[in-house]
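# Working through the structure, step by step
Each chain is listed here by its residues.
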2 protein chains.
Amino acid sequence: MKILIKNAWILTMNDQMEQFEHGYLVVEDTKILEVGAMDSLPQDVKYDKCMDAKRAILLPGMVNTHTHIGMIPFRSLGDDYPDRLRRFLFPLENECMNEQLAYTSGKYAIAEMQLAGVTAFFDMYYFEQQLAEAAEEMHSRALLAETVIDSVTVDVAEPMGGLQYAERFLPKWQGHSMVQASVAPHAPYSNTIEVLQQVDKLSLKYKVPWMMHVSEMDFEMAKYRDQHNQTPIEFLEKIGVLSSRLVAAHCIHLSDHDIELLKKYDVKVAHCIGANTKSAKGVARVRDLLAAGVTVGLGTDGPSSGNTLDLFSQMRLFANFHKTYLQDRSAFPAEEIVKLATIEGAKVLGMQEHIGSIEVGKQADFILVETDSVNMFPIFDAYSALVYSANASNVSDVFIAGKQVVTNKELVNFNVTQLRAELAEAMEQCGFKSKALEAMEGK
Amino acid sequence: MKILIKNAWILTMNDQMEQFEHGYLVVEDTKILEVGAMDSLPQDVKYDKCMDAKRAILLPGMVNTHTHIGMIPFRSLGDDYPDRLRRFLFPLENECMNEQLAYTSGKYAIAEMQLAGVTAFFDMYYFEQQLAEAAEEMHSRALLAETVIDSVTVDVAEPMGGLQYAERFLPKWQGHSMVQASVAPHAPYSNTIEVLQQVDKLSLKYKVPWMMHVSEMDFEMAKYRDQHNQTPIEFLEKIGVLSSRLVAAHCIHLSDHDIELLKKYDVKVAHCIGANTKSAKGVARVRDLLAAGVTVGLGTDGPSSGNTLDLFSQMRLFANFHKTYLQDRSAFPAEEIVKLATIEGAKVLGMQEHIGSIEVGKQADFILVETDSVNMFPIFDAYSALVYSANASNVSDVFIAGKQVVTNKELVNFNVTQLRAELAEAMEQCGFKSKALEAMEGK
């Protein structure tokens, strides 16, 4: 099966940041077979399918490095409340979250990401077995990590039970071409040293990255300072769990020494600018991280923290926040930001050999961003157009492993109305909606 | 002519912030005749047209308080260059900008704003006569202000010639129901005291607001401090030009005394969070302005400064920036931000008696934001959905003065492809495109 896509403005995101302003791409089965300029397109070749991109921007599928896809039901609930976690999130999660709700939310979230050009993501939540099934069903590339925390949760009956869950979960998905199972201690402060060390060993055994919220909360920083005279990252080094397999989400509060440690152990960082600034937590030192050689990708966080699951909203917020914090309008030119959303995100997930750039032999995970909409003219710089003008609704076509999952802004094999109805039904059945409305009325 | 819109989630934005979660609206000719809950909809009335909103959010048309609609050609050009003004903007403007380019750009920009739910705006540029004609033709509500600056410009042969232009321009549009002509000194530092005083008198004579960039630039603050031991706003008070007719754009750098003066004279502020932070200039003290009782609206600035002309992008940036700067996640709840984009914007333009809220007797300027798209579920709070989840592409229908200008995400009387072709043709004819590419190659 050979597919030709012609007349695209191709951003390869390869090491040379090569562009083909009038380019073509050939996909064979799951892989990229050719990429080049239109005037070098062979004339005598037959293709099974030919698609005119009509000057759309073609780039690698975006990588969302930090999500909680089971949490769609919480979106728009209690956004601006200082006590949002205790008043809305924890009680509703404890009372209502179940297998079916997580699964239908996961499918919905994956649909939303695919429609927005996200082709791979790293998730952390509960019921990750169901979420892995959702990812497989939706043909998304994904890392799904079961949460480990020092309390009883919605899917395990013992504190830290997520670890045993993960011990069963990880082997199940071994060798799968698209979906990997993983494990995610919630945070350093909500787990024991032993559990963190066991998680690290598990990740080593199954050769899969693991994820944890790190250096995100003010109380977290105070706790490690007061109790250990350390930062959380210094503490994690001491207990021996820093490695290239750790994806540290947030990292808002970093010392110079923390940045050295992240580089030394090749820890990856999932930077969630939208969620971090909506919650007024602060702006991570991304320029310093990159200058030190640390790998950084972009993440949306969950739909109840960041509300959107697309990386266009993150790229725009990233540009404006980092330029303003650095007091430098030329800091982070648009092409560097598109790198973070694509090839650098692929590195965070440990998938850079297979995805993240448009190169011959790589997996055919790529997206088209149409340039017909009114906000997309003129385009003197395609990176600028993506970062400063585009929004998620400009994504027109999405391919994952050579298979088209979005065509002309619609899902190929699923229907949003149907997915929404299934999620709404799950929200009804567990009483989520009525309990949410009650919590709102208790203002 | 009576139009019924039913099954909408209506945000009236009236003083009581009344909502009708299941609401209806009746339009008669240019005005709002009725608004209420679906269960109070009279059953025996006949309408000329009936529209099912299908649970879309219905709110007042948004007001963009600071634009440069003639500048679409500059979008995505030199965004991240420190010397962008001198290298790209000024030379290209001087060499290429002409009547036809401004006019076609203006029409395109108005189309873009209407498709994004902006129904009124306050513009500052050159060739404002042509831009006023564009606004009239597109049936937009607009204030168009001719720039006055101490240099020869693309449309006047003498420094400060914009003042004479304005003296001819303002009377031409007197009494027009939708389009008002105005005048905009570029900035305090680029005009003489006499010119600023004449502008103020002109605005008084024709009872129309005027606009100026104020307290935007670091060098501006330094100049007034060093030469006058004053802030720009203190200087403007001294020369007697502060009044409720002045719309001060940006106001990034404000002292406590400045804020007192803005309140004392009822000066309005056009806050451009997107452009201000993309250019790393800083974040204006909006909470302090509002606490002092100053009227503040949102503006996008020009497409070469902010890239987007819609207020969804501004609302999202506003929320995240102000919460983070105030270190308070509960600062500026979403409903306050939607106020700034609607009724407060109307006050900035001096149009609050006619637009900015859904109230019986007001002009029927309103928009529908569809809730069918994947990013718009669930909605526990319609304001949250607008600020944190929605994007400009969710706007489905737009009415201005009772006339529908956007239906099902398309312009009713115009065609974007055609408007783009006309603008592209004007860009070709004046050599804009080739000169822009030359400037880029000179990196």
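The rules we used
- Residues numbered from 1 in each chain as written.
- Chains lettered and ligands numbered in written order.
- Predicted model: local features only at pLDDT ≥ 70, side-chain atom pairs only at ≥ 80, totals over all residues.
- Helix = DSSP H or I, 4+ residues; strand = E, 2+ residues; numbered from the N terminus.
- Rg over C-alpha atoms; globule rule 2.2 N^0.38 Å.
- Buried ≥ 20, exposed ≤ 12 C-beta atoms within 10 Å, placed from the backbone.
- Contact = placed C-beta atoms within 7 Å.
- Domains from an automatic or database assignment.
- Nonpolar A, V, L, I, M, F, W, Y, C, P; charged D, E, K, R; others polar.
- Axes fitted to C-alpha atoms, helices over the stretch in contact; angles between N-to-C directions.
- Parallel < 35°, antiparallel > 145°, perpendicular 65-115°, else oblique.
- Left-handed = near helix turned anticlockwise from the far one by under 90°.
- Pairing = 2+ DSSP bridges.
- Right-handed = clockwise from strand over helix to strand, strands pointing away.
- Least-squares fit on C-alpha atoms with pLDDT ≥ 70 in both.
- pLDDT = per-residue confidence, 0-100.
- Core = buried A, V, L, I, M, F, W, Y, C linked by C-beta atoms within 7 Å.
- Expected span 1.5 Å × (residues − 1).
- Arc of directions from axis to C-beta.

### So, the overall build of chain A
Looking only at helices and strands, chain A features 16 helices and 17 strands. In terms of overall dimensions, chain A is globule-like: its C-alpha atoms have a radius of gyration of 21 Å, near the 22 Å expected for 443 residues. Relative to its 443 residues, chain A shows a buried fraction of 60%. If you take every contact in chain A between residues at least 6 apart in sequence, the share linking residues at least 24 apart comes to 72%.

### Side note on the domain arrangement of chain A
Residue and element names in this part refer to chain A. If you check the domain split of chain A, you get domain 1 (2-60 + 363-411) and domain 2 (62-348). Those elements that place two or more of their residues in the side of domain 1 that touches domain 2 are β5 (57-60), β14 (366-369), α14 (382-389), β15 (395-400) and β16 (403-407). Considering each element in turn, the side of domain 1 that touches domain 2 owes the most residues, five residues, to α14. For the side of domain 1 that touches domain 2, the residue count by class is 20 nonpolar, two polar and three charged.

### Regarding the packing of helix α2 (residues 99-115) of chain B against helix α15 (residues 416-429) of chain B
Residues and elements named next belong to chain B. Look at α2 against α15: their axes get within 9 Å of each other, and the N-to-C directions meet at 155°. Classified by the interaxial angle, the pair formed by α2 and α15 is roughly antiparallel. The way α2 lies across α15 gives a crossing that is left-handed. Residues Gln100, Leu101, Thr104, Ser105, Lys107, Tyr108 and Ala111 of α2 form the contact with α15, whose own contacting residues are Val416, Leu419, Arg420, Glu422, Leu423, Ala426 and Met427. In terms of residue class, the contact of α2 with α15 is made up of eight nonpolar, three polar and three charged.

### So, the interface of chain B and chain A
Each partner contributes to the interface: chain B provides 52 residues, whereas chain A provides 52 residues. Within the residue set of the side of chain B that touches chain A, elements represented by two or more residues are α2, α9 (273-278), α11 (311-326), α14 (382-389), α15 and α16 (432-441) of chain B. When residues of the side of chain B that touches chain A are assigned to their parent elements, the largest contribution, eight residues, is made by α11 of chain B. Residues of the side of chain B that touches chain A, tallied by class, amount to 24 nonpolar, 17 polar and 11 charged.

### As for unusual backbone geometry
Omega for the bond connecting phenylalanine 377 of chain A with proline 378 of chain A falls within 30 degrees of zero, at -10°, which places this linkage in the cis form. Within the secondary structure, proline 378 of chain A sits in the loop between β14 and α14. If you check the backbone angles, asparagine 229 of chain A has positive phi at about 55° while not being a glycine. You can see asparagine 229 of chain A is positioned in the loop between α6 (218-228) and α7 (232-238). Among the residues examined, asparagine 229 of chain A registers 9 C-beta atoms within 10 Å and is labelled exposed. Positive phi, normally seen in glycine, also occurs at aspartate 266 of chain B, with a value near 55°.

### A word on the sheet that holds strand β9 (residues 179-185) of chain A
Residues and elements named next belong to chain A. With parallel pairing, the four strands of this open sheet are ordered in space as β6-β7-β8-β9. The sheet is open, and its two edges are formed by β6 (62-67) and β9, each paired on a single side. Ignoring strand direction, the axes of neighbouring strands in this sheet form an average angle of 15°. Relative to strand β7 (residues 118-125), β6 is paired through four bridges, and the arrangement is parallel.

### Observations concerning the pairing of strand β8 (residues 141-148) of chain B
Every regular strand shows the same layout, with side chains that alternate between the two sheet faces. Residue and element names in this part refer to chain B. Counting buried residues in β8 gives eight out of eight residues, a clear majority hidden from the surface. Bridging between strand β7 (residues 118-125) and β8 involves six bridges; their strand directions are parallel. Its bridge partner being in β8, methionine 124 is matched across the sheet by alanine 145. At this point the chain moves from β7, through helix α3 (residues 128-137), to the parallel β8, and the crossover so formed is right-handed. Remark: the β8/helix α4 (residues 161-172)/strand β9 (residues 179-185) crossover connection has right-handed handedness.

### Re the relation of the copies chain B and chain A
In screw terms, the move from chain B to chain A is a rotation of 180° and a rise of 0.0 Å along the axis, fitting with an RMSD of 0.0 Å. What the superposition gives is, in effect, a two-fold axis relating one chain to the other. Residue serine 393 of chain B of chain B places its C-alpha closer to the rotation axis than any other residue of that unit, at 3.1 Å. Interface overlap between copies: 100% of the residues of chain B at the interface are likewise at the interface in chain A, consistent with a symmetric, same-surface contact.

### Thoughts on the confidence of the model for chain A
Scored by pLDDT, chain A has a mean of 97; 100% of the residues are at 70 or more. Of the two predicted TM-score estimates for the complex, the pTM is 0.98 and the ipTM is 0.97.

### A look at the sheet that holds strand β11 (residues 246-250) of chain A
Residue and element names in this part refer to chain A. The parallel open sheet is built from four strands, whose spatial order is β10-β11-β12-β13. Lying at the two open borders of the sheet, with one neighbouring strand each, are β10 (210-214) and β13 (296-298). Within the sheet, the average angular offset between the axes of one strand and its neighbour, ignoring direction, is 30°. Alignment of β10 against β11, held across five bridges, turns out to be parallel.

### Structural notes on the environment of leucine 77 of chain A
All names here are of chain A. Relative to the elements of secondary structure, leucine 77 occurs in the loop between β6 and α1 (84-96). Under the C-beta neighbour-count criterion, leucine 77 is labelled buried, with 25 such atoms within 10 Å. When the C-alpha atoms of leucine 77 and lysine 409 are compared, they prove to be 27 Å apart, with 332 residues separating the residues in sequence.

### Considering the packing of helix α11 (residues 311-326) of chain A against α14 of chain A
Residue and element names in this part refer to chain A. Where α11 meets α14, the axes come as close as 7 Å, and the angle between the chain directions of the two elements is 95°. Relative to α14, the element α11 lies roughly perpendicular. Along the contact surface, α11 presents Met315, Arg316 and Ala319, while α14 presents Leu386, Val387 and Tyr388. Tallied by class, the residues present in the contact of α11 with α14 amount to five nonpolar, no polar and one charged.

### Brief notes about the nonpolar core
Core analysis: the biggest nonpolar cluster contains 160 residues, and Ala8, Leu25, Ile57, Leu58, Ile337, Val338 and Leu386 of chain A have the highest contact counts within it. In terms of residue count, helix α2 (residues 99-115) of chain A provides more of this core than any other element does, nine residues in total. Residue assignment places this core across two domains, with domain 1 (2-60 + 363-411) and domain 2 (62-348) of chain A each supplying three or more. Beyond its immediate sequence surroundings of up to four residues, alanine 8 of chain A is in contact with Gly23, Tyr24, Leu25, Ala53, Ala56, Leu58 and Leu368 of chain A. Val26, Val183, Ile337 and Val406 of chain B belong to the second-largest nonpolar core, a separate cluster that totals 157 residues.

### Details of helix α4 (residues 161-172) of chain A
All names here are of chain A. Between its terminal C-alpha atoms α4 stretches 18 Å, which fits the 16 Å expected from 12 residues at 1.5 Å a residue. For α4, the complete set of buried residues consists of Gly162, Leu163, Tyr165, Ala166, Phe169 and Leu170. Viewed end-on, α4 has its buried residues packed into an arc of 150°, placing them on one side of the element. Among the exposed residues of α4, those pointing more than 90 degrees away from its buried face are Arg168, Pro171 and Lys172. Residues of α4 that are buried make contact with α3 (128-137), β8 (141-148), β9 and α5 (193-205).

### Looking at the pairing of strand β1 (residues 2-11) of chain B
Residues and elements named next belong to chain B. β1 sits mainly inside the fold: seven of its 10 residues count as buried. Note: β1 against strand β2 (residues 19-28), seven bridges, orientation antiparallel. Bridge pairing links lysine 2 to glutamate 28 in β2. In this structure, β1 lies alongside strand β4 (residues 49-52), joined through four bridges in parallel fashion. Each residue of the ladder has a partner; that of isoleucine 5, found in β4, is methionine 51.

### Side note on helix α5 (residues 193-205) of chain B
All names here are of chain B. The terminal C-alpha atoms of α5, which comprises 13 residues, lie 18 Å apart, in line with the 18 Å expected from a rise of 1.5 Å per residue. When we look at burial in α5, the residues that qualify are Leu196, Gln198, Val199, Asp200 and Ser203. In the core, the buried residues of α5 are packed alongside β8, α4, β9 and β10 (210-214). Just downstream of α5 lies lysine 207, where phi reads positive at about 50°.

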